[in-house]
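Letter by letter, the chains look like this.
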2 protein chains.
Amino acid sequence: MNYDEAKIKFVSTWGSLGSLWGINKAMAQIQALLFISTQPLSMEDIMEDLKISRGNTSMNLRQLMDWGIVTKEIIPGERKEYFTTEKDVQELARTIAQERSRREIRPVIKVLKDVSSIKDDGTEKTKELIKQTKALHDLTETADDMINKLVNQKQNWITKSLLKLIK
Amino acid sequence: MNYDEAKIKFVSTWGSLGSLWGINKAMAQIQALLFISTQPLSMEDIMEDLKISRGNTSMNLRQLMDWGIVTKEIIPGERKEYFTTEKDVQELARTIAQERSRREIRPVIKVLKDVSSIKDDGTEKTKELIKQTKALHDLTETADDMINKLVNQKQNWITKSLLKLIK
DNA sequence: TCAAACTTTCAATAATTATTGAAAGTTTAT
DNA sequence: ATAAACTTTCAATAATTATTGAAAGTTTGA
């Protein structure tokens, strides 16, 4: 496998993994491209490389900036805008985990809390609903907390945490 | 909020969260319905409750069984098949985490390993590709390991782990 | 102030993914 | 062996989601 093959394989694999953290293919591919690039890329560069339209590139870059994992780079003397992504995997993971938590998990935790707080009318089905949604609420909340704590131990969090954990 | 409202809210919220662990809406809703049901449900029951077709119900139940979170229940004297889901949240989380790892994460880890193992031809871009995909490989592999270890500590894993972790 | 260089927006369209429903398949009781 | 009761399959269709491209918007330099 040479450089070009490896690059294509990486970008497309990372793209298809987008679903894992809830972003679309083009968004994930743009991020992948920036992640292995040695210098900032312009919209033109990205469009050409991924063979996607200008509009698509623009919209997905905006989303990546909203997520906080891509930033605009001004290159002196250049008219075009250039883009870079966070290059540190730890920091990247931290940002992604936080954003997913904020956007998707926390709202669900709220619903679980509301649902599990309905008045117990004494019927079996109500008791079951309360019991099960409460269990789900507790699990989700604890898991969310844990991920955020893990991910916020900036230095080498995964390795350190693992050591502590797996006695 | 009464029982019926709470039930609808729970089922639809859980359905929309399906994307979080990579299953579709109907699948997640069926699981949600079974999760709060006091007794096993037939295909008929599910179709009626969620207002989805027989074919859809059948296909999604099969998938849930493939994931190992729903099982067929034979009720003596009954011709129909009945279904139940794993009721223990811990066990549910364990199964889901394992399946996702097997289906999606491990294959990506393999690609990252292959890509990061290409021959270093000395160019800057190749060095960067190798460096970045290797970092991603290591992170992904370690995170995957950790989740699987966490999730396999059957008894109260989250709480226990948290205690150990967050000094 | 103008126009060239560039970016954003968004309605139209394409691609993907989910859902239906009816025919085919299976199981069970008699 | 048959037919009723039930489940599965899958081609057609619908719903959703992503993508395009051209017009509108913005910024910059002369």
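See above for the structure.
Residues numbered from 1 in each chain as written. Chains lettered and ligands numbered in written order. Predicted model: local features only at pLDDT ≥ 70, side-chain atom pairs only at ≥ 80, totals over all residues. Heavy atoms only, no water.

K.L.:
Before we go on, may I ask you to explain the protein's contact with DNA strand D in this structure?
P.N.:
Taken together, 18 residues lie around DNA strand D, and Ser 53, Asn 56 and Arg 79 of chain A together with Ser 58 and Arg 79 of chain B are the ones closest in. Here, DNA strand D places atoms within 4 Å of the protein, and 63% of those atoms are sugar or phosphate. A distance of 3.2 Å separates a phosphate oxygen of DNA strand D from a polar atom in the side chain of Asn 56 of chain A. Interatomic distance of 3.2 Å between a backbone N/O atom of Glu 81 of chain B and a phosphate oxygen of DNA strand D. Going through the elements one at a time, α4 (54-67) of chain A together with α4 (54-67) of chain B are the ones with two or more residues in the surface near DNA strand D. No other element matches the five residues that α4 of chain B contributes to the surface near DNA strand D. For the surface near DNA strand D, a count of residues per class yields four nonpolar, six polar and eight charged. (Near = heavy atom within 4 Å. Polar contact = N/O pair within 3.5 Å; in protein donor to acceptor, adjacent residues only side chain to side chain. Helix = DSSP H or I, 4+ residues; strand = E, 2+ residues; numbered from the N terminus. Nonpolar A, V, L, I, M, F, W, Y, C, P; charged D, E, K, R; others polar.)

K.L.:
Hey, could you run me through the interface of chain A and chain B in this one?
P.N.:
Many descriptions give the size of an interface as the accessible area lost when the pieces come together. Contact residues are listed per partner, giving 53 residues for chain A and 53 residues for chain B. Taken together, both faces of the contact between chain A and chain B bury some 5300 Å²; the carbon and sulfur share is 79%. At the surface where chain A touches chain B, the tally comes to two salt bridges. Here Lys 87 of chain A and Glu 128 of chain B are joined by a salt bridge, their closest N and O atoms 2.7 Å apart. Applying the counting criterion to the chain A and chain B interface returns six residue pairs in polar contact (both at pLDDT 80 or more). Counting residues per element, the side of chain A that touches chain B draws most heavily on helix α6 (residues 124-152) of chain A, which supplies 15 residues. (Contact = heavy atoms within 4.5 Å. Buried area = accessible area lost by both parts, 1.4 Å probe. Salt bridge = Lys/Arg side-chain N within 4 Å of Asp/Glu carboxyl O.)

K.L.:
Looking at this model, I keep getting lost on the sheet that holds strand β2 (residues 70-73) of chain A. Mind explaining?
P.N.:
Pairing between sheet strands relies on hydrogen bonds along the backbone, with the strands arranged either parallel or antiparallel. Residue and element names in this part refer to chain A. Across the sheet, three strands lie side by side as β1-β3-β2; this open sheet has antiparallel pairing. Where the open sheet ends on each side, the last strands, each with one partner, are β1 (41-42) and β2. With two bridges joining them, β1 and strand β3 (residues 82-85) adopt antiparallel strand pairing. Across the sheet, the residue bridging to Leu 41 is Phe 83, located in β3. Here helix α2 (residues 25-36) sits on the sheet in contact with β1, β2 and β3, set at roughly 85 degrees to β3. (Pairing = 2+ DSSP bridges. Axes fitted to C-alpha atoms, helices over the stretch in contact; angles between N-to-C directions.)

K.L.:
I tried to follow the packing of aromatic side chains on my own but got confused; where do I start?
P.N.:
Centre-to-centre distance and the angle between the planes together describe a pair of aromatic rings. Residue and element names in this part refer to chain A. With the rule as written, the count across this model stands at four aromatic pairs over all chains. On the basis of an interplanar angle of 65 degrees and a centroid distance of 5.1 Å, the ring pair of Trp 14 and Trp 21 is categorised as edge-to-face. Residue class for Trp 14 comes out buried when judged on its relative accessible area of 4%. On the accessibility criterion, Trp 21 (15% relative accessible area) is buried. Ring-pair connections join several aromatic residues into one group, and the members of that group are Phe 10, Trp 14 and Trp 21. (Phe/Tyr/Trp six-rings, centres within 6.5 Å; stacked < 30°, edge-to-face > 60°. Buried < 20%, exposed > 50% of the residue type's maximum accessible area, 1.4 Å probe, protein only.)

K.L.:
Looking at this model, I keep getting lost on the protein's contact with DNA strand C. Mind explaining?
P.N.:
Taken together, 17 residues lie near DNA strand C, and Ser 58 and Arg 79 of chain A together with Ser 53, Asn 56 and Arg 79 of chain B sit nearest. Counting only atoms of DNA strand C within 4 Å of the protein, the fraction found in sugar and phosphate groups is 63%. In this structure, a phosphate oxygen belonging to DNA strand C sits 3.0 Å away from a side-chain N or O atom of Ser 58 of chain A. The separation between a base nitrogen of DNA strand C and a polar side-chain atom of Arg 79 of chain A is 3.5 Å. Top contributing element to the surface near DNA strand C by residue count: α4 of chain A, with five residues. Looking at the surface near DNA strand C, its residues break down into four nonpolar, six polar and seven charged.

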